[in-house]
Amino acid sequence: MNMARCHTDCLEKPICRGFKAFGGVVGRKPWWFLVIPLLLSAGLGGGFYRLKETEANDIEDQFTPMNGPAKAERELVKSNFPQDDADFSSQRLVTEGTYASLILVSESDILTNKTFMQVQSLDKKVKNIIAVKDNVQIKYENICATVNKKCVSNAILDIVEINSGSVDQTPIHFPMHSFENTSIFVGTTLGGVNTTSQGVVTSAKAIRLLYYLRENSTSSTLWLQEFIEVFKNESTEMPYIKVAYFTSISRQEEFEQNSKTIIPLFAITYFLAISFSIVSCMRLDCVRNKVWVATVGVVSAGLSVLSSFGLLLYCGVPFAMTVANSPFLILGIGVDDMFIMISCWQQTQVHDPVEVRLADTYKEAAVSITITTLTDVLAFYIGIMTPFRSVQSFCLYTGTALLFCYFYSITFFGAFMALNGRREESNRHSLTCMKVPTVCPPGSSAGYIMCCVGGKYDTKTGFEEEQPMNYFFKNHYGPFLTKTWTKVFVILLYAGYLAASIYGCLQMKEGIDLKNLASDGSYVVNYYDYEDKYFSVYGQNVMVVVEKEVEYWNNSIRTELQSCMTHFRNLNFVDKEINISWLDSYESFANSSQVNLNNEAAFMGNLTTFLQLVPQFQQDLNMSNDKIYASRSFILTVNITSAVDEKNMLNELRDTAKNCPIPLLVYHPAFIYYDQYAVIVDNTIQNIGVATAVMLLISLLLIPNPLCSLWVTFAIGSVIVGVAGFMSLWDVNLDSISMINLVICIGFSVDFSAHISYAFVSSTKPNVNDKVVEALCNLGYAIVQGAVSTILGVVVLAAAKAYIFRTFFKIMFMVILFGAVHGLTFIPVFLTFFRVCSSKGEISNNKNSKSTSLSGAGGSYVNGADGPQMHIELNK
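Each chain has its residues counted from 1, running along the sequence as written. Local features are withheld for residues below a pLDDT of 70 in this predicted model, meaning they are given only at 70 or higher, and side-chain atom pairs are given and counted only at 80 or more; totals for whole chains, interfaces and linings count all residues. Only heavy atoms go into the side-chain values, all of them from the structure, while hydrogens and water stay out.

**Q** How do you make sense of the overall build of the protein chain when you look at a structure like this?
**A** Every helix listed is a DSSP run of H or I at least four residues long, and every strand listed is a run of E at least two residues long, numbered separately from the N terminus. Looking only at helices and strands, one finds 28 helices and 19 strands in the protein chain. Buried means the residue's accessible area, taken with a 1.4 Å probe over protein chains only, is under 20% of the maximum for its type, while exposed means over 50%, and partly exposed covers the values in between. Counting across all 876 residues of the protein chain, residues that qualify as buried make up 57%. Here the contacts in the protein chain between residues at least 6 apart in sequence split such that 78% fall between residues at least 24 apart. The contact criterion used throughout is that any non-hydrogen atoms of two residues lie within 4.5 Å.

**Q** Sorry, what's going on with the packing of aromatic side chains here?
**A** In this description, an aromatic ring pair is defined by two values, namely the gap between the centres and the angle between the planes. Each aromatic pair joins two rings of Phe, Tyr and Trp (for Trp, the six-membered one) with centres within 6.5 Å, and gets the label stacked for planes under 30 degrees apart, edge-to-face for over 60, and tilted for any other angle. Summed over all chains, the structure comprises 53 aromatic pairs. Relative to Tyr-538, the ring of Phe-174 has its centre 6.0 Å away and its plane inclined at 65°; by these criteria the two rings are edge-to-face. Placement of the pair is Phe-174 in the loop between helix 8 (155–161) and strand 6 (176–179) and Tyr-538 in strand 13 (residues 538–546), with a sequence separation of 364 residues. A network of ring pairs unites the aromatic residues Tyr-552, Trp-553, Trp-582, Tyr-586, Phe-589, Phe-603, Phe-610 and Phe-617 as a single cluster. Think of it as a cone above the ring: NZ of Lys or CZ of Arg counts as a charge over the ring if it is within 6 Å of the ring centre and within 35 degrees of the ring normal. Of note, Arg-208 hangs over the ring of Phe-535, and the distance from its end group to the ring centre comes to 4.5 Å.

**Q** Can you walk me through a nonpolar patch on the surface in this structure?
**A** Only residues whose relative accessible area exceeds 30% and that form no salt bridge enter a patch; like-charged residues are grouped when within 9 Å of one another, and nonpolar side chains (Val, Leu, Ile, Met, Phe, Trp, Tyr) when within 5 Å. Areas reported here follow the Shrake-Rupley algorithm with a probe of radius 1.4 Å; residue values treat only the protein chains shown as occluding. Just to be clear on terms, a salt bridge is a Lys or Arg side-chain nitrogen sitting within 4 Å of an Asp or Glu carboxyl oxygen. A cluster of nonpolar side chains, namely Phe-480, Trp-485, Phe-489 and Leu-493, defines an oily patch on the protein surface of about 440 Å² accessible area. It is helix 17 (residues 484–506) that contributes the most residues to the nonpolar patch, three residues altogether. With respect to the helices and strands, Phe-489 occurs in helix 17.

**Q** Hey, could you run me through the state of the cysteines in this one?
**A** Disulfide: a covalent bond formed between the sulfur atoms of two cysteine residues. Any cysteine sulfur atom paired with another within 2.5 Å is treated as part of a disulfide. Applying the stated rule across the entire model yields two disulfides. Each disulfide pairs two cysteine sulfurs, and for Cys-144 the partner residue is Cys-151, the sulfurs being separated by 1.8 Å. The disulfide joining Cys-144 to Cys-151 has a torsion of about -70° about its S-S bond and is therefore left-handed. You can call Cys-144 buried: its relative accessible area is 1%. When its relative accessible area of 27% is taken as the criterion, Cys-151 is described as partly exposed. Disulfide connectivity for the protein chain, with bonded cysteines indexed by sequence position, reads 1-2, 3-4.

**Q** Help me understand the side chain of Thr-146, please; the structure alone is not making it clear to me.
**A** With respect to the helices and strands, the residue Thr-146 is situated in strand 4 (residues 146–147). You can call Thr-146 buried: its relative accessible area is 14%. If sequence neighbours within four positions are ignored, Thr-146 has contacts with Asp-85, Ala-86, Asp-87, Phe-88, Cys-151 and Val-152.

**Q** Explain the packing of helix 20 (residues 582–593) against helix 21 (residues 600–613) here, please?
**A** If you want to describe how two helices pack, look at the angle between their axes and the distance between the axes. Throughout, an axis means a line fitted to C-alpha atoms (over the contacting stretch in the case of helices), and angles, computed between N-to-C directions, take values from 0 to 180 degrees. Taken N-terminus to C-terminus, the directions of helix 20 and helix 21 make an angle of 100°; their axes are 10 Å apart at the nearest point. As far as their axial angle goes, helix 21 and helix 20 are roughly perpendicular. Side by side, helix 20 and helix 21 meet where Trp-582, Leu-583, Ser-585, Tyr-586 and Phe-589 of the first sit next to Ala-602, Phe-603, Asn-606, Leu-607, Thr-609, Phe-610 and Leu-613 of the second. Of the residues in the contact of helix 20 with helix 21, the class split is nine nonpolar, three polar and no charged. Geometric relationships in this document are graded by angle, where less than 35 degrees denotes roughly parallel, more than 145 denotes roughly antiparallel, 65 to 115 denotes roughly perpendicular, and other angles denote oblique. Under the scheme applied, nonpolar residues are Ala, Val, Leu, Ile, Met, Phe, Trp, Tyr, Cys and Pro; charged residues are Asp, Glu, Lys and Arg; polar residues are all the others, including Gly.

**Q** Just to check I follow, could you spell out the side chain of Asp-109 for this structure?
**A** When you line up the elements, Asp-109 lands in the loop between strand 1 (98–105) and helix 6 (113–127). Charge assignment in this entry is limited to Lys and Arg as positive and Asp and Glu as negative, and neither His nor the chain termini are counted. Despite being buried, Asp-109 has no salt bridge partner; Lys-205 is the closest side chain of opposite charge, sitting 7.8 Å away. Other than its neighbours up to four places away in sequence, Asp-109 contacts Thr-115, Thr-202, Ser-203 and Ala-204.

**Q** I would appreciate a short explanation of the pattern of salt bridges in the present structure.
**A** Opposite charge on two side chains lets them pair, provided their charged atoms get close. All chains considered together, the criterion is met by 16 salt bridges. We note a salt bridge from Asp-620 to Arg-92, for which the minimum N-O separation is 2.8 Å. Linking Asp-620 in the loop between helix 21 and strand 15 (621–624) with Arg-92 in the loop between helix 5 (69–80) and strand 1, this pair joins segments that are 528 residues apart in sequence. Of the residues examined, Asp-620 reaches a relative accessible area of 1% and is grouped as buried. Among the salt bridges present, the one from Arg-208 reaches Glu-531, with a minimum N-O distance of 2.7 Å. You can see Arg-208 sitting in strand 11 (residues 206–213) and its partner Glu-531 sitting in helix 18 (residues 523–534), a full 323 residues away along the chain. Look at the salt bridges and you will find they share partners, linking Glu-73, Arg-654 and Asp-675 into a network.

**Q** Before we go on, may I ask you to explain the sheet that holds strand 8 (residues 190–191) in this structure?
**A** Pairing between the strands of a sheet comes from backbone hydrogen bonds, and it takes one of two forms, parallel or antiparallel. Sheet architecture is open: four strands sit in the order 8-11-1-12, paired in antiparallel fashion. One side of each edge strand has no neighbouring strand; the edge strands of this open sheet are strand 8 and strand 12 (242–247). Two strands form a pair only when DSSP identifies at least two bridges running between them. Pairing of strand 1 with strand 11 involves eight bridges; the strand directions are antiparallel. Counted as the bridge partner of Leu-104 is Ile-207 from strand 11.

**Q** Would you mind showing me how to read the pairing of strand 13 here?
**A** Consecutive residues of a regular strand have side chains that alternate between opposite faces of the sheet. Strand 13 sits mainly inside the fold: seven of its nine residues count as buried. Pairing of strand 13 with strand 16 (residues 627–638) involves seven bridges; the strand directions are antiparallel. Within strand 16, the position partnered with Tyr-538 by the bridge is Val-638. The pairing of strand 13 with strand 17 (residues 664–667) spans four bridges and is antiparallel. Within strand 17, the position partnered with Met-543 by the bridge is Tyr-667.

Structure follows, in structure tokens:
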């Protein structure tokens, strides 16, 4: 079977006939199709009154995997070891806790009397903060987490205080300091530490103070908000120290502020879109001018956002922060659809009735818009399979908005084109609607000719006059690209592009950095920077939980458990000396008391006595009726400084627990966020694979040449590799936000690649170079126009202060740039090396043949507003 003769246009033809009939209806009754979408938008827009109640900006809920293992582990730990704020222990927290924190930094040494006095002064200032609610004062001492009925204090202050408050006279050991017959860990309290060989601190750059409050308390939240206000209004630089502050609610509050920073950018985006549309559609002919049509095209895209968002808000679909990116993207895509329809309108006979012209326009353009919508919507709806709610919300809102954009393009915008067509039919001015002459009166000035004479058209073809951009691609760019030395350069350029992309993919980092959820310049960023700089040596105290009932009095069980704990301590990122284990302490107690722990009665009987002596271990045992249902120990992680370290740590800890014969699990509140590493890569590959397969299937069904479908698949893969590689080189991690955009790559890759490859295989030219020139002549400007309009839709996001929006711009910019370069440079050159792709002999200009435009090739960039519609005669 000759693949070049294999056509799959069985779906294209009935779609064309259906849209031609529908276009005729819109052309005859335009007011119905203009007013009904406006009324529908007004009704659905009422859904925005539910915006506040459907906002879903909880960071954990939106940016961590649903059903992540750590969430199930947290519930198990909660059920076995309930938190007790009256006997507080920070390392035993099941959540991050409710707290305020200060990091105080000195350029020299913070452990001098003059600097430490400022530390003590700030401590008093924090404890004197008072919040007010309903005329009731909320003081720190009334809401603080307590131990022995006293607020949990900062150990470093207690250590100095017991030495008459003189830090110069206080020897401090690091990281463990003996204080009041107990050992206190100061590794996360002092940062930038220098010590003697005996571990005595000689200097330190930073101190971290923590103020823990009772959890799940409205009063605690109000006090934390007052804490933020106090330090927000104070200078962060004091005579000897710099101050960074943070609370357990800071990250969430700063994240929610991001939406306010993006609102002003909407106005700029619509201004750019309208300006570009007007410039692209402006004509010197005062009758054929399409300025108002361009403006309504932008309005149509805006109505689609209003209607789709309103509908989903009515339905109670969560509105995540990532959805705020969607209107920018929809605007770019909607403007592209407008260009297609205007271009097809220009290729209709100007003397035909308006309903006939609109019917022909729909026949040629609506199929292209349909296929583009289908590919893009499916790409977004496939993204709903992701386990991240933020991605699900974005994909659902954007996919639905694309459907409305499509619906309004063929109703609202088409109806206005019909009304504008009636104006052109009666040769009326585009601004004044006054009739103007088609022939210039003798002696008229150039200004009069431009403003008061119009309605010209190509008398040979009966179409509107062609625009000059095609001349550039036909006579300059196309011949230049097909020169031998240019092809060699393009091959080398592609090799460099592919090499850089693969290198970038190998350097890719996973996971979202939590500080990126705050805006630039936020106090949160400053705190995280100090934390990374001075407190990265010692990490999390990880719980190692025996999750089921075991016979602790069985010596072999204890030996196995000790062996497992040894495996944990032998991991590279676990401190070998510092760990907390009730069982180790109990065995030491038994040895000193000469108690035989190999007997159940003795083990359980003496355990109560031991816990009375060391009451903090009571929180590490779920015990009742002389049975231990669960227990936990702690190991300390060290030198976790990057996302790769976090990923490896989590995987190795879980693998070690899995390989232990005792049923163990490991948990720390941070693991809720680290779970993204376990799914992000696999889920991204899954979504890209499914979406690519779907795009290939659609291409095979709707593009009339299978070879074209193969080139579409090649372009998809090449663009995805490029975007994935270069986003890594542009400091963008693979996270739930960038995952969205990689799925978008697929839809846009189809748009850019389908037309060039199909135009090539459909060309009647006998020479491959001539085929490329002809394809670029007809489609080059259309690709440029579509790329520019889409980039203009998102370019203002480059100025956003939030990582979420800047990341969206970066990846969308690369998607459009690489897609356009593939369509205009790489694919045309590669096609010249494959003569088998020619469909010579298959295409003729027989007048009796059925004319089919390239709009059926599948993609939004068939033609720009200024480019002529490419017509290809296909023999039945």
